[in-house]
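Fold and contact review
Residue strings, one per chain:
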Amino acid sequence: MSPSASCSEDVDLIGLIFEAVGQIPEGKVSTYGDIAKAMGDVRAAKAVAQVLWDVDCQEVPRHRVVSADGTLGSCVAISVSEVTRRLMEEGVFIHNGRIASLEATRFADFHIPSVLRQLQAEQEALRLSVVDSDDFPRPACVSGLDASYTKDWGCVALVRMDLESLEVVEARSAVGRVRFPYITGYLAYRELPLIRKVFSDRDGDILLIDGHGILHPRGFGVASQVGVCLDVATIGAAKSHLVGAIEGDGPKAKVMVDGELKGIRLSPKGGKGIFVSVGHRISLTTACALCERLMIGRIPEPLRLAHVLATRRRKELEIEP
DNA sequence: GCGACAG
DNA sequence: ATCTTGTCGC
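Presented here is an overview of the structure given in this document. Treat the numbers as computed from the prediction; the structure is a model and nothing was measured. (Residues numbered from 1 in each chain as written. Chains lettered and ligands numbered in written order. Predicted model: local features only at pLDDT ≥ 70, side-chain atom pairs only at ≥ 80, totals over all residues. Heavy atoms only, no water.)

This part is about the overall build of chain A. A tally of regular secondary structure across chain A gives 10 helices and 13 strands. A compact globule built from 321 residues should have a C-alpha radius of gyration of about 20 Å, and chain A, at 22 Å, falls within 12% of that. In terms of its C-alpha atoms, chain A occupies a principal-axis envelope of roughly 70 × 50 × 40 Å. For chain A, the proportion of its 321 residues judged to be buried stands at 55%. Across chain A, every contact between residues at least 6 apart in sequence was considered, and the portion connecting residues at least 24 apart equals 67%. As displayed, chain A has an accessible area near 14,800 Å², and 50% of this comes from carbon and sulfur atoms. Of the side-chain charges in chain A, 38 are positive and 42 negative, and the distance between the mean point of each set is 4 Å. (Helix = DSSP H or I, 4+ residues; strand = E, 2+ residues; numbered from the N terminus. Rg over C-alpha atoms; globule rule 2.2 N^0.38 Å. Buried < 20%, exposed > 50% of the residue type's maximum accessible area, 1.4 Å probe, protein only. Contact = heavy atoms within 4.5 Å. Areas by Shrake-Rupley, 256 points an atom, 1.4 Å probe, with all protein chains shown as cover. Lys, Arg positive; Asp, Glu negative; His and termini not counted. Charge placed at Lys NZ, Arg CZ, Asp CG, Glu CD.)

Around DNA strand C, a shell composed of Ser148, Tyr149, Lys239, His307 and Arg314 is seen. Atoms of DNA strand C within 4 Å of the protein belong to the sugar or the phosphate in 100% of instances, the rest to bases. Contacts to DNA strand C include serine 148, whose side-chain N or O atom sits 2.5 Å from a phosphate oxygen. Taking histidine 307, its side chain carries an N or O atom lying 3.2 Å from a phosphate oxygen of DNA strand C. Those elements that provide at least two residues to the surface near DNA strand C are β5 (141–150) and α10 (301–319). Looking at side-chain class alone, the surface near DNA strand C contains one nonpolar, two polar and two charged residues. (Near = heavy atom within 4 Å. Polar contact = N/O pair within 3.5 Å; in protein donor to acceptor, adjacent residues only side chain to side chain. Nonpolar A, V, L, I, M, F, W, Y, C, P; charged D, E, K, R; others polar.)

Another aspect to go through is the sheet that holds strand β6 (residues 153–162). Spatial ordering of the open sheet is given by β7-β6-β5-β8-β9-β13-β12-β11-β10, a layout of nine strands whose pairing is mixed. Of all the strands in the sheet, just β7 (168–177) and β10 (245–247) have a single pairing partner and so form its edges. Taking the axes of each pair of neighbouring strands and ignoring which way they run, one obtains an average angle of 30 degrees across the sheet. As paired strands, β10 and strand β11 (residues 252–257) are joined by three bridges and run antiparallel to one another. By the bridge assignment for β11, isoleucine 246 is matched with valine 255. (Pairing = 2+ DSSP bridges. Axes fitted to C-alpha atoms, helices over the stretch in contact; angles between N-to-C directions.)

Next up on the list: the layout of surface pockets. One number sums up the size of the largest pocket: a volume of about 450 Å³. In terms of residues, the lining of the largest pocket owes the most to one element, helix α7 (residues 187–198), which gives four residues. In terms of residue class, the lining of the largest pocket is made up of 10 nonpolar, 10 polar and five charged. (1 Å grid on protein atoms, 1.4 Å probe; cavity = no way out; pocket = protein on both sides within 12 Å on 5 of 7 lines; lining within 4 Å. Points joined across faces, edges and corners; volume = space filled by probe spheres on them.)

So, about the packing of aromatic side chains. Two descriptors summarise a pair of aromatic rings, namely the distance from one centre to the other and the angle between the planes of the rings. Following the criterion strictly, the structure yields two aromatic pairs and no others. Lying over the aromatic face of tyrosine 149, arginine 190 brings its terminal NZ or CZ to 3.8 Å of the ring centre. Geometry around tyrosine 186 places arginine 218 over its ring, the cationic atom sitting 5.0 Å from the centre. (Phe/Tyr/Trp six-rings, centres within 6.5 Å; stacked < 30°, edge-to-face > 60°. Lys NZ or Arg CZ within 6 Å of the ring centre and 35° of its normal.)

Moving on, we come to the pairing of strand β8 (residues 205–209). In terms of burial, β8 is a largely internal element, five of the five residues being buried. Burial along β8 is two-sided: Asp205, Leu207 and Ile209 facing one way and Ile206 and Leu208 facing the other are all buried. When β5 meets β8, the two strands line up parallel, connected through five bridges. Among the inter-strand pairings, glycine 144 is bridged to a residue of β8, identified as leucine 208.

Moving on: unusual backbone geometry. Even without being a glycine, lysine 151 presents a positive backbone phi close to 50 degrees. By the secondary structure assignment, lysine 151 is in the loop between β5 and β6. A positive phi angle, close to 60 degrees, is found at leucine 166, a residue other than glycine. The class for leucine 166 is partly exposed, based on a relative accessible area of 29%.

The immediate surroundings of DNA strand B are formed by 19 residues, with Arg43, Gly185, Asp210, Lys239 and Ser240 found nearest. Sugar and phosphate atoms constitute 52% of the interface atoms of DNA strand B, taking the interface as everything within 4 Å of the protein. Glycine 185 is positioned such that a nitrogen or oxygen atom in its backbone is 2.9 Å from a base nitrogen of DNA strand B. In the model, a phosphate oxygen of DNA strand B is placed 2.8 Å from a nitrogen or oxygen of the lysine 239 main chain. When the residues that make up the surface near DNA strand B are grouped by side-chain class, the tally is six nonpolar, eight polar and five charged.

Written as structure tokens, this is what we have:
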């Protein structure tokens, strides 16, 4: 039995984004990328924009954040004309819906922690704990996990299926606020809090995760992070390609990273297939065998059912929050 | 035109 | 992931 490691599970990136926006002085503007860089990864720029304009927020001057080409943002709560009016009022000039001279009015001296850089380092360290060999008694059940979201709310569903009969033996879900937006490479920090809420420890259980395992830029995708942090066997099963070179186009194409086999693209009936990789405490061979056994359609059945359940529960919640 | 690309 | 109608195909 491997010891369970701990990782940062309650990072409030949404709060940090609002905190950064609050630091932009009147008469100045910043770009989504400026805030993303201050948080430690410019690749979070799109997430910054999404949070600012999609999440109901407090009294932050979000009209002072624009895209890299000077284009203004807006949402149902604040129209483009209202954003324009506020900026003009603060002495920022707008021409044709853009900031007239972005460089002259730009602010980027944020004083916030470089959280994403820290999380990257955490992933690099935790990846060393991944066990890529079978480490469980003969599995009886596999539980599929999937999430569904609206704004800063989410629902994660778990569907447990008997490997022998392929019957659903359990289905649960958990809902809650989500304070970490979707950013490629950091999916676990978004999903882990709700996954922990829905998960219950059971012997012989294997978790099937909707996302990559070690087939990830830092070798530590959501499936591996869930496995290491909950100390449970996990399989990564992603619907699309993230990293690695796909060799050939057969039903079991190898996916190589730095000349090493890190995943398999499983496509029994052709098509896009799914990308299977080791999450934790399992071998790639066993992970593939289990996925093949559970694939009725393109998506392994526990994952498909978890997706249906999570979406249904989330929509119920939307009507009555 | 070039880079990025999980959910 | 989510927003969404009808439509093409097995």
